[in-house]
Amino acid sequence: MDSYLEGYYKGYRFCLRFFKEAFIPPFHWREIINQCFEVGLKSLSLITLTGFIVGIVFTKQSRPSLETFGAVSWLPSLIGIAIVRALGPLVTALICAGKVGSSISAELGSMKVTEQIEAMEVSAINPFKYLVVSRVLATTISVPILALYCSFIGLLGSYYNVYSEEATSLAIFYKNAFSNISFLDIFSSSVKSIVYGFTIGIIGCYKGYYASQGTRGVGKATNQAVVLSMFLIFFEEVVIVQIVNWIRYF
Amino acid sequence: MKNKPIEHIINREETVIAIHGLYKSFGELNVLNGIDLRLYRGENIAVLGKSGSGKSVLIKIIAGLLKPDQGEVIVLGKQVDQLQGKEMDALRLHIGFSFQNSALYDSMNVYQNLAFPLTMNIKNLSRKQVDYAVEEALDAVGLKDKIKELPAELSGGQRKRIGIARTLILKPEIMLYDEPTAGLDPISCAEINALIIEVQQRYKTSSVIITHDLTCAKNTCDRIAMLIDGKFFKVGKFDEIFSSDNKQVKDFFTYNFIQ
Ligand SMILES: Nc1ncnc2c1ncn2[C@@H]1O[C@H](COP(=O)(O)OP(=O)(O)OP(=O)(O)O)[C@@H](O)[C@H]1O
Ligand SMILES: [Mg+2]
């Protein structure tokens with residue numbers, strides 16, 4: 001129990017330190033941009049594939065039940081809502097938690113256990129700023145962009161299915177898909193993705209930065225980072241959906 | 001060994017590291033139990049002790065990587081355990097730390113490893129100045145031809161030397177070596193020993209050298225401190241320690257020679 005509380009406290013201090021150091025110069029722009037590319041490159045192919053398949057499958061599965069009500073024409077707008085509001089951000093976040101979060105914690109963890117972090121410290125380089133701040137900012141910036149991309153690809157997958165059944169044009173499909181999507185939807189999806197991105201970055205860094213006990217510790221840290229950030233992503237999803245619904249119907 | 005330490009470069013008027021009554025424990029484990037040490041400018045001091053006796057802990061405290069539980073550690077006139085942020089960084093620019101396992105940045109090649117501390121600490125250096133500094137430091141360790149290689153492509157001895165070059169690039173006044181010769185063959189050991197002396201003379205450094213290699217201690221150091229049970233049993237010239245009657249000291253020396 002005590003160690004749980006201690007863990008929370010340590011995590012809280014870690015977040016606090018992030019916010020303190022993120023806003024004080026010097027800023028390592030080049031490292032932040034590098035890391036953004038890393039995040040993008042690592043997850044792009046998987047997000048493309050998964051997004052496309054989710055789009056196809058979701059459309060295929062929804063079609064029969066809409067058909068029974070004779071409401072197939074609603075399909076694009078239903079898919080639009082599902083993908084932009086929920087699936088795009090969530091799928092992206094889960095993929096990034098697995099691919100990016102794990103690689104961040106593995107990288108920082110191995111730097112920690114081979115004393116590379118201490119080596120930075122003794123050369124008067126702030127390792128927290130150089131390693132942690134740049135990575136967390138990179139995931140916070142990249143995940144929303146990737147989520148948008150994932151939604152776009154998801155809709156494309158859905159269109160592929162719709163086209164093969166009904167030969168609708170792409171323009172009409174997109175018009176229908178976005179017909180029921182409000183500014184609030186886009187805004188809340190973006191906020192959600194920013195929160196997910198931050199979660200993935202900070203958890204990956206936190207677990208890696210405090211890795212101990214040699215290479216075994218690195219494996220453990222990586223595993224914990226993925227599990228914990230996935231758990232937090234679902235938790236945040238539920239909370240944010242509640243808040244958004246409350247705003248929507250207020 | 002052609003270049004023995006030169007006695008006259010030691011300035012006994014000036015202390016660069018002064019440690020008084022230093023204690024450090026991890027939970028139940030008392031690692032350091034009252035350490036006193038004085039390092040004069042230009043001097044090389046060896047800290048001998050068996051594995052797990054707290055040698056690495058001691059120099060990490062000197063470099064401000066660990067906080068002591070009790071006692072004073074004064075480096076270049078600054079009390080290390082009281083320093084924070086900018087002041088600590090300013091002091092660290094004068095300290096070179098060569099890690100037990102080299103701690104080279106895996107993701108960077110040799111050039112980047114050396115340029116990194118330089119460009120991060122001194123703004124607005126031209127590419128030419130950085131190149132020059134990197135080449136100078138690599139020249140000092142005799143590995144100019146490895147400039148493009150990644151750490152994973154180097155041998156253990158080469159990694160140690162690159163690690164030393166990386167600390168030399170900031171022209172430190174104090175060098176802290178954590179087991180510079182551990183795990184190396186006798187020839188590489190001799191090369192590292194020569195390098196330590198060369199660094200002492202070329203860069204006018206004062207050094208703490210942690211080792212359990214007696215040849216290294218004898219050849220590179222002016223004085224030797226023997227760490228036993230968290231205390232310095234004795235600090236003095238090699239022969240003084242060598243002729244001691246203490247059982248643990250004797251064991252240490254006997255086993256070293258049998259190896
Ligand atoms: N961060 C730490 N947390 C807990 N215990 C530690 C820590 N660092 C060192 N120790 C303990 O302190 C003792 C001394 O460790 P240290 O690394 O200084 O030994 P050493 O003399 O350098 O040994 P070696 O010659 O093998 O490098 C060991 O028993 C080690 O377990
Ligand atoms: Mg050690």
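The model shown is predicted, which means the values in this text are computed figures rather than measured ones. (Residues numbered from 1 in each chain as written. Chains lettered and ligands numbered in written order. Predicted model: local features only at pLDDT ≥ 70, side-chain atom pairs only at ≥ 80, totals over all residues. Heavy atoms only, no water.)

*Asks:* Describe the overall build of chain A, and please don't skip the residues or the numbers.
*Replies:* The helix and strand tally for chain A stands at 8 helices and 0 strands. The N-to-C order of helical and strand elements in chain A reads α-α-α-α-α-α-α-α. Summarising its shape, the C-alpha atoms of chain A cover approximately 70 × 35 × 35 Å along the three principal directions. Counting over 250 residues, chain A shows a buried share of 50%. Pairs at least 24 residues apart make up 83% of the contacts formed inside chain A by residues separated by at least 6 positions. Total accessible area on chain A is roughly 12,800 Å²; 70% of this is exposed by carbon and sulfur atoms. The distance from the centre of the 19 positive side-chain charges to the centre of the 15 negative ones in chain A is 1 Å. (Helix = DSSP H or I, 4+ residues; strand = E, 2+ residues; numbered from the N terminus. Buried < 20%, exposed > 50% of the residue type's maximum accessible area, 1.4 Å probe, protein only. Contact = heavy atoms within 4.5 Å. Areas by Shrake-Rupley, 256 points an atom, 1.4 Å probe, with all protein chains shown as cover. Lys, Arg positive; Asp, Glu negative; His and termini not counted. Charge placed at Lys NZ, Arg CZ, Asp CG, Glu CD.)

*Asks:* I'd like to hear about the site of ligand 1, residue by residue, with values.
*Replies:* Residue and element names in this part refer to chain B. Near ligand 1 lie 14 residues; those nearest to it are S51, G52, K55, S56 and E179. Within the contact set of ligand 1, an oxygen atom lies 2.8 Å away from a side-chain nitrogen or oxygen of K55. Considering ligand 1 on its own, with 630 Å² of exposed area, one finds that the protein chains cover 61% of that surface. Those elements that place two or more of their residues in the shell around ligand 1 are β2 (29–41) and α1 (55–62). By residue number, the principal contributor to the shell around ligand 1 is α1, which donates 3 residues. Considering only residue class, the shell around ligand 1 consists of 4 nonpolar, 7 polar and 3 charged. (Near = heavy atom within 4 Å. Polar contact = N/O pair within 3.5 Å; in protein donor to acceptor, adjacent residues only side chain to side chain. Nonpolar A, V, L, I, M, F, W, Y, C, P; charged D, E, K, R; others polar.)

*Asks:* I'd like a rundown of the UniProt feature "domain: ABC transporter" (unreviewed entry) in chain B, residues and numbers included.
*Replies:* This chain's UniProt record puts "domain: ABC transporter" (unreviewed entry) on residues 17–254 of chain B. Structurally, residues 17–254 of chain B is divided into 39% helix and 26% strand, and its ends, taken at the C-alpha atoms, are 31 Å apart. (UniProt positions renumbered as here; feature names shortened; annotations may be inferred.)

*Asks:* I'd like a description of the coordination of the magnesium ion (ligand 2), backed by residues and values.
*Replies:* Distances from the magnesium ion (ligand 2) to its protein donors, S56 of chain B (OG) and Q100 of chain B (OE1), fall within 1.9 to 2.4 Å. Of this pair, S56 of chain B sits in helix α1 while Q100 of chain B is found in the loop between β6 (95–98) and α3 (110–121), placing the two residues 44 residues apart along the sequence. (Donors = N, O, S within 2.8 Å, 3.2 Å for Na, K, Ca; no water.)

*Asks:* Please set out a nonpolar patch on the surface residue by residue, giving values where relevant.
*Replies:* On the surface, a nonpolar cluster with roughly 900 Å² of combined accessible area is contributed by L228, F231, F235, V239, I243, W246, I247 and F250 of chain A. As for its placement among the helices and strands, I247 of chain A is situated in helix α8 (residues 214–248). (Patch = residues over 30% accessible without salt bridge, like charges linked within 9 Å, V, L, I, M, F, W, Y side chains within 5 Å. Salt bridge = Lys/Arg side-chain N within 4 Å of Asp/Glu carboxyl O.)

*Asks:* Would you mind going over the domain arrangement of chain B in detail, with residue names and values included?
*Replies:* Residue and element names in this part refer to chain B. Here chain B is partitioned into domain 1 (1–94 + 172–259) and domain 2 (101–171). When each unit is reduced to the centre of its C-alpha atoms, the spacing between domain 1 and domain 2 is 24 Å. Taken together, the 16 residues of domain 1 in the interface contact 15 residues of domain 2. For the pairing of domain 1 and domain 2, the buried interface totals around 1,300 Å² over both sides, and the portion due to carbon and sulfur atoms is 67%. Along the contact surface separating domain 1 from domain 2 lie 2 salt bridges. Joining domain 1 to domain 2, the criterion identifies 3 residue pairs in polar contact (both at pLDDT 80 or more). Among the elements of the structure, β7 (174–178) and α6 (186–202) are those that each provide at least two residues to the side of domain 1 that touches domain 2. (Domains from an automatic or database assignment. Buried area = accessible area lost by both parts, 1.4 Å probe.)

*Asks:* With reference to specific residues and values, describe the state of the cysteines.
*Replies:* Residues and elements named next belong to chain A. The final tally for this structure, using the stated rule, is 0 disulfides over all chains. Cysteine C15 shares no disulfide, and the gap to the nearest cysteine sulfur, in C205, comes to 11 Å. No disulfide involves C96; its sulfur sits 9.2 Å from that of C150, the nearest cysteine. Given the relative accessible area of 1%, C96 is considered buried. (Disulfide = S-S within 2.5 Å.)

*Asks:* Describe the nonpolar core, listing the residues and the values that go with them.
*Replies:* Residue and element names in this part refer to chain B. Counting 81 residues, the largest nonpolar core has I17, I19, L32, L58, V75 and L176 as the members making the most contacts within it. Lining this core are residues from two domains, each supplying at least three of them: domain 1 (1–94 + 172–259) and domain 2 (101–171). Excluding residues that lie within four positions of it along the chain, I17 makes contacts with L37, R38, L39, I62, I74, V75, I174, L176 and V208. (Core = buried A, V, L, I, M, F, W, Y, C linked by side-chain atoms within 4.5 Å.)

*Asks:* Would you mind going over the sheet that holds strand β10 (residues 231–236) of chain B in detail, with residue names and values included?
*Replies:* All names here are of chain B. Reading across from one edge, β6-β7-β8-β3-β9-β10 is the order of the 6 strands in this open sheet, with mixed pairing throughout. Two strands close off the open sheet at either side, each with one partner strand: β6 and β10. Pairwise comparison of adjacent strand axes, ignoring direction, gives a mean angle of 15° for this sheet. As paired elements, strand β9 (residues 223–228) and β10 share 5 bridges and run antiparallel to each other. Bridge pairing in β10 places L227 opposite F232. (Pairing = 2+ DSSP bridges. Axes fitted to C-alpha atoms, helices over the stretch in contact; angles between N-to-C directions.)

*Asks:* Describe the pairing of strand β3 (residues 44–48) of chain B, and please don't skip the residues or the numbers.
*Replies:* Residues and elements named next belong to chain B. With respect to burial, β3 is a largely interior element, 5 of its 5 residues being buried. Along β3, one buried face is formed by N44, A46 and L48 and the opposite face, lined by I45 and V47, is buried too. Note: β3 against strand β8 (residues 206–211), 5 bridges, orientation parallel. In the strand pairing of β8, I45 is matched with V208. Pairing of β3 with β9 involves 4 bridges; the strand directions are parallel. Its bridge partner lying in β9, L48 is registered against M226.

*Asks:* I'd like a rundown of the side chain of Q116 of chain A, residues and numbers included.
*Replies:* Its place among the elements puts Q116 of chain A in helix α4 (residues 116–122). The buried category is assigned to Q116 of chain A, whose relative accessible area is 2%. If near-sequence neighbours (up to four positions away) are discounted, Q116 of chain A is found in contact with S110 and M111 of chain A together with A103, L104, Y105 and D106 of chain B.

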